[in-house]
Structures are given as structure tokens and as C-alpha cells.
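Close look at the chain arrangement
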Amino acid sequence: MINTLRNYMELSSTVADIVEAQIKEHPLSKLGLSTGSTPLGMYKELVSRELDWSTVITFNLDVYLMYVNHPESYQSYMRKNLFDRTNIYPNHYHFPFRPFSSFEDKIKGSKGIDLCILGIGTNGHIAFNEPGSSFLSRTRVVNLEEQTIIDNARFFDSVDDVPTQAITMGLATIMESKKIVLMAKGLKKKSILNQAMFGMITEDIPASILQEHKNVEIYYCD
Ligand code: PGA
């Protein structure tokens, strides 16, 4: 089911409520975190709630292959919007790293992701698992689709500055999360979201694999 909320503020606070409850009920939680424009309001809301992040461990879903201190890197994004504004320990947050098997082992070694916050791309990607990604995929380097590069050009001076490659958790990695919450904002996401949640389960629409997850919640606003 897709939960449709009235506006972006409600979307942000609803998902922030879920993260807050997770952290309060399970202070040793392992969270999977996403970037992009959609979760910005949720991060802002979480920062304002001054939660105790001291025992929380996080795994970001993906990073661009680019200079990590570039202002538009996902490492910079996370520090600016969440990590530097909470009491999380720097050695408790993780971005996908090489060798990828060690990153996967790190997730498994921490007993897996309890709550994974996802977005969806206009082409149906989750994290940077572009259409055609195997449902069995794990953390790896991927080439970004032209549509993703165009969609993300708004964060850069020009489309030519958008990285063309990324490291992403795989679909199998994401599906091992105990609970998944997908947030989507804007009419341009509505059709792909409906196809992903109610259409055929196909690698052409990576998000459609979520239909097979037992504990997934979808939140959407126009
Ligand atoms: P957006 O990105 O939140 O910036 O729309 C979502 C995504 O591509 O997964």
C-alpha cells in the first residue's frame, strides 16, 4: 500500500517519527540511509529532535565515484545534513567502500540493517541500482543511466559535472534489511511508484523487488 501524505512537511515528519521510534526503542539500531532531495526534510526534522545517536550505526546506500570532499559528494551531504549535527560517532557511519565484500561483511557483522530508508528514481532505481540490475546484486560499481544523470544535474553547475559512476549497495543487500521505508515526493514519481508497487516484478523496474519484502512501508506526497 502507498500511504499518501498531504505535503512534504508531513512526509518528512512521518518518516522522522519512524526513525525516532526505531532509535528510541532500539538504541543499537543499524540504519540504511539515502541521499538526494527527498530525505532532506526528514534529516532536518531528525536533527531538530536532538536524539541520542551515540550507539546508532549507519550504512549509506550509495556514493558517487568522485572526490569525497566535493560539496556534492554523498559523504559531504550526510555530514552537512545529519552526521555533523548529531552526536553520532564518526566511526559509526559507513559509506560503501572497497573491497565491497568487506563492506557487505561489515553490514552482516553488525547483524544487518534494522531499518533502511529508501528513495526511488524516476526510472525506478533504488539506491543506484539502475534498470536491469540483478535482483541478486550486491555492493558494486555501476554506471549511471542518462536519466539519472539528467535528474541529478540540478545539484551541479552543469550536467557534465555529474559523476557517471557510483558505488551502490545491491538489491539483494537492500532486501536483507529487516524493515524498509521508501519515501517519494512529486508527481513525476507517481507513475513509476505505482508500476513498482502494483505492476510486474521485473529487473527493468528495480524497485518492484520491494513487493517481495515482508516489512516495507511506502510514503508519498505530490
Ligand atoms: P531525489 O532522488 O530524492 O533527489 O528525487 C531519489 C533517487 O534518485 O533515489
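Whatever comes next refers back to the structure up there.
A short tour of the structure in this document, coming up. (Residues numbered from 1 in each chain as written. Predicted model: local features only at pLDDT ≥ 70, side-chain atom pairs only at ≥ 80, totals over all residues. Heavy atoms only, no water.)

1. Some remarks on the overall build of the protein chain
- A count of helices and strands for the protein chain gives 7 helices and 10 strands.
- In summary, the protein chain has a C-alpha radius of gyration of 16 Å against a globular reference of 17 Å for 222 residues, a match within 12%.
- Each of the three principal axes of the protein chain carries a C-alpha extent, and together these read 40 × 40 × 35 Å.
- Buried residues in the protein chain amount to 56% of all 222 residues.
- Across the protein chain, contacts joining residues at least 24 apart in sequence account for 78% of those joining residues at least 6 apart.
- Surface accessibility of the protein chain: about 10,200 Å² in total, with carbon and sulfur atoms responsible for 53%.
- Between the mean site of the 22 positive side-chain charges and the mean site of the 26 negative ones, the protein chain shows a separation of 4 Å. (Helix = DSSP H or I, 4+ residues; strand = E, 2+ residues; numbered from the N terminus. Rg over C-alpha atoms; globule rule 2.2 N^0.38 Å. Buried < 20%, exposed > 50% of the residue type's maximum accessible area, 1.4 Å probe, protein only. Contact = heavy atoms within 4.5 Å. Areas by Shrake-Rupley, 256 points an atom, 1.4 Å probe, with all protein chains shown as cover. Lys, Arg positive; Asp, Glu negative; His and termini not counted. Charge placed at Lys NZ, Arg CZ, Asp CG, Glu CD.)

2. Considerations on the packing of aromatic side chains
- All chains considered together, the criterion is met by 11 aromatic pairs.
- Here the aromatic rings of tyrosine 43 and tyrosine 77 are separated by 6.3 Å at their centres, their planes lie at 75°, and the arrangement is edge-to-face. Of this pair, tyrosine 43 sits in helix α2 (residues 40–48) while tyrosine 77 sits in helix α3 (residues 74–81); the two residues are 34 residues apart in sequence, bridging distant segments of the chain.
- For tyrosine 43, a relative accessible area of 1% puts it in the buried group.
- For tyrosine 77, a relative accessible area of 11% puts it in the buried group. (Phe/Tyr/Trp six-rings, centres within 6.5 Å; stacked < 30°, edge-to-face > 60°.)

3. So, helix α4 (residues 100–109)
- Of all the residues in α4, the buried ones are Phe100, Phe103, Glu104 and Ile107. Buried residues of α4, seen end-on, are gathered within an arc of 95° and therefore sit on one face of the element.
- Contacts from the buried residues of α4 go to β3 (57–60), β5 (93–94), β7 (140–143), β8 (165–168) and α6 (171–175).
- Of the residues one or two after α4, lysine 111 is the one with positive phi, at around 75°. (Arc of directions from axis to C-beta.)

4. Observations concerning the site of the ligand
- Around the ligand sit Gly36, Ser37, Thr38, Gly119, Ile120, Gly121, His125, Arg154 and Lys189, and that is every residue in its neighbourhood.
- Take arginine 154: an N or O atom from its side chain is 2.8 Å from an oxygen atom of the ligand.
- Within the side chain of lysine 189, an N or O atom sits 2.7 Å from an oxygen atom of the ligand.
- In this structure, the ligand is accommodated by the largest pocket.
- Its residues placed into classes, the shell around the ligand shows 1 nonpolar, 6 polar and 2 charged. (Near = heavy atom within 4 Å. Polar contact = N/O pair within 3.5 Å; in protein donor to acceptor, adjacent residues only side chain to side chain. 1 Å grid on protein atoms, 1.4 Å probe; cavity = no way out; pocket = protein on both sides within 12 Å on 5 of 7 lines; lining within 4 Å. Sits in = over half its atoms within 2 Å of the grid points. Nonpolar A, V, L, I, M, F, W, Y, C, P; charged D, E, K, R; others polar.)

5. Concerning the pattern of salt bridges
- Tallying each qualifying case throughout the model produces 10 salt bridges.
- Where arginine 49 meets glutamate 20, a salt bridge forms, and the shortest distance between an N and an O atom there is 2.7 Å. Of the two residues, arginine 49 is situated in the loop between α2 and β3 and glutamate 20 in helix α1 (residues 8–25); the sequence distance between them amounts to 29 residues.
- On the basis of relative accessibility, which here comes to 17%, the residue glutamate 20 falls in the buried class. (Salt bridge = Lys/Arg side-chain N within 4 Å of Asp/Glu carboxyl O.)

6. Some remarks on the nonpolar core
- If you look at the biggest cluster of nonpolar residues, it comprises 42 residues, and the most contacted ones within it are Val19, Met42, Leu46, Trp53 and Leu82.
- It is α1 that provides the largest number of residues to this core, a total of 6 residues.
- Other than its neighbours up to four places away in sequence, leucine 46 contacts Ala16, Val19, Glu20, Leu51, Trp53 and Leu82.
- Phe103, Phe135, Met175 and Leu210 belong to the second-largest nonpolar core, a separate cluster that totals 30 residues. (Core = buried A, V, L, I, M, F, W, Y, C linked by side-chain atoms within 4.5 Å.)

7. So, the layout of surface pockets
- Volume-wise, the largest pocket comes out at about 410 Å³.
- Along its surface, the largest pocket is lined by 25 residues, and Thr35, Gly36, Ile120, His125 and Lys189 are the ones closest to its centre.
- Every element with two or more residues in the lining of the largest pocket is listed here: α5 (146–152) and α7 (187–198).
- Element by element, the count of residues in the lining of the largest pocket is highest for α5, at 3 residues.
- The wall of the second largest pocket is formed by Gly36, Ser37, Leu40, Pro71, Glu72, Ser76, Tyr77, Lys80, Asn81 and Phe155.
- With 4 residues, α3 is the largest single contributor of residues to the lining of the second largest pocket.
- Of the residues belonging to the lining of the second largest pocket, the class tally is 4 nonpolar, 4 polar and 2 charged. (Points joined across faces, edges and corners; volume = space filled by probe spheres on them.)

8. Notes on the sheet that holds strand β9 (residues 179–185)
- Taken together, the 7 strands give an open sheet; going across it, the order is β1-β10-β9-β6-β2-β3-β5, and neighbouring strands pair in parallel fashion. Edge strands, defined here as strands with exactly one partner in the open sheet, are β1 (2–4) and β5.
- Strand contacts of α7: β1, β9 and β10 (216–221), with the helix running at about 155° to β10, the strand carrying the most contacts. (Pairing = 2+ DSSP bridges. Axes fitted to C-alpha atoms, helices over the stretch in contact; angles between N-to-C directions.)

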